[in-house]
Amino acid sequence: MKNHKVLAMNFGSTSTKVAIYENDNEVMLQVFRHTPEEMKGITTMEQNAAFRKGVILDYLKGQGVDLNELDAIVGRGGLMRPIEGGTYIVNDAMLEDLHSCKYGFHVCNLGGILASEIGSELGKPAYVVDPPVIYEMAEVASLSGHPDFPRRPLFHALNQKAIAKRYAEEIGRPYESLRLIVAHMGGGTTVGAHLNGRVVDVNNGLEGEGAYTGERPGTLPVLDVVRAVFSGKYGKTYEEIRHFFCMECGLVGYTGTNDGREITRRIAEGDHNAELAYRGMAYQVAKEIGAMGAALQGKVDAILLTGGFAYDKTLMGWIEEYVGYLAPVRIYPGEDEMLALAQGALRVLNGKEEAKIY
């Protein structure tokens, strides 16, 4: 097998991750944390792209990286129309949707945009892998209660599939043969039912469906939300109200912080409110896992817990107490997104998978 070098990029609201892989081997990895001062005045996708591109290229130049040695550029996919999982070539149609934010404004749109920009300058192919808009849900799972509000998945597709495939490799079975429940718990929480290589049901973690998280409310009673919006208490504009529901709820609303380490410290000091809020989050995640168990008709090979909160053994223990009856529980703290990005591009470069067209 020929050696291939891949540049992988993953963007968060205040972070930029950049890595170079030679085949499956990580050659370098750097995470940049951006301060409010650095991000001040950056409001459009174009401004964000210019800023992040400068950060990446300056770093690579400083490390003496010869960009011409790269075989492909890959970024985490953004908000686009619903598509099946896989590795996609970044084409003009995709770029139009990412730049216009037709399907939502999120910094993950930069994955395809900057992969294309850097790739074009180098004459190298640009890809995105398993973007958060993957739509593999069963038809019945798309029903919400009214045709104007269909359920649509917005979830940690890249890491969910990466962890599911990692587990499959560990036990020596094809991912496509397994029935898994994968719960990613980070800034957002998404719980997916993986049936024979497809995510047949999953919650919209970006827009409030499911369990409450560090800063998002999860599912709330509809009429209570409507009353809250009309009351003006949480803002007068859409952006103000959106900020409240995306940033000031969940653990932040109950405890004033989204930091699990801080909450754990308070619990150790006897803070009942902190423990109740943390247990409440575990309880809601467990209920989502139980619901996905129903989606798989109770036939579940394993439950996989991942994301930043998976580092907390106490929280994971609470969840396992609720769902351990359903299937064995395996814990994968953090995320494998950078390697998953590189592997998605490598499968195409090595001819193991054909790149999909958007």
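The structure this text deals with has already been given above.
Cut-offs applied
Residues numbered from 1 in each chain as written. Predicted model: local features only at pLDDT ≥ 70, side-chain atom pairs only at ≥ 80, totals over all residues. Heavy atoms only, no water. Helix = DSSP H or I, 4+ residues; strand = E, 2+ residues; numbered from the N terminus. Expected span 1.5 Å × (residues − 1). Buried < 20%, exposed > 50% of the residue type's maximum accessible area, 1.4 Å probe, protein only. Pairing = 2+ DSSP bridges. Contact = heavy atoms within 4.5 Å. Axes fitted to C-alpha atoms, helices over the stretch in contact; angles between N-to-C directions.

The first and last C-alpha atoms of helix 12 (residues 337–349) sit 18 Å apart over 13 residues, in line with the 18 Å expected at 1.5 Å per residue. Among the residues of helix 12, Glu337, Met338, Ala340, Leu341, Ala342, Gly344, Ala345, Leu346 and Val348 are the ones counted as buried. Phi turns positive one or two residues past the end of helix 12, at Gly351, with a value near 75°.

Next up on the list: helix 5 (residues 157–171). Because each turn of an α-helix spans 3.6 residues, side chains separated by three or four positions in sequence point in the same direction. Given a rise of 1.5 Å per residue, 15 residues ought to cover 21 Å, and the 21 Å separating the end C-alpha atoms of helix 5 matches this to within 8%. For helix 5, every residue scored as buried is listed here: Ala157, Leu158, Asn159, Gln160, Lys161, Ala162, Ile163, Ala164, Tyr167 and Ala168. At the exit of helix 5 stands Gly172, carrying a positive phi of roughly 75°.

Here we have 7 strands laid out as an open sheet, ordered 3-2-1-4-6-5-12, and mixed in their pairing. Every other strand in the sheet has two partners, leaving strand 3 (25–33) and strand 12 (356–357) as the edge strands with one partner each. Relative to strand 3, strand 2 (residues 15–22) is paired through 8 bridges, and the arrangement is antiparallel. Of the residues in strand 3, the one forming a bridge with Ala19 is Leu29. Taken strand by strand, helix 2 (residues 45–62) contacts strand 1 (5–12), strand 2 and strand 3, and its axis lies near 40° from that of strand 2. Across the sheet, helix 12 is in contact with strand 1, strand 2, strand 3, strand 4 (72–76), strand 5 (87–89) and strand 6 (126–129); its angle to strand 1 comes to roughly 140°.

Mapping Ser142 onto the fold places it in the loop between strand 6 and helix 5. Along the chain, Ser142 and Asp201 lie 59 residues apart, while their C-alpha atoms are 8.3 Å from each other. For Ser142, the residues in contact, after removing those within four places along its chain, are Tyr135, Met137, Pro150 and Arg151.

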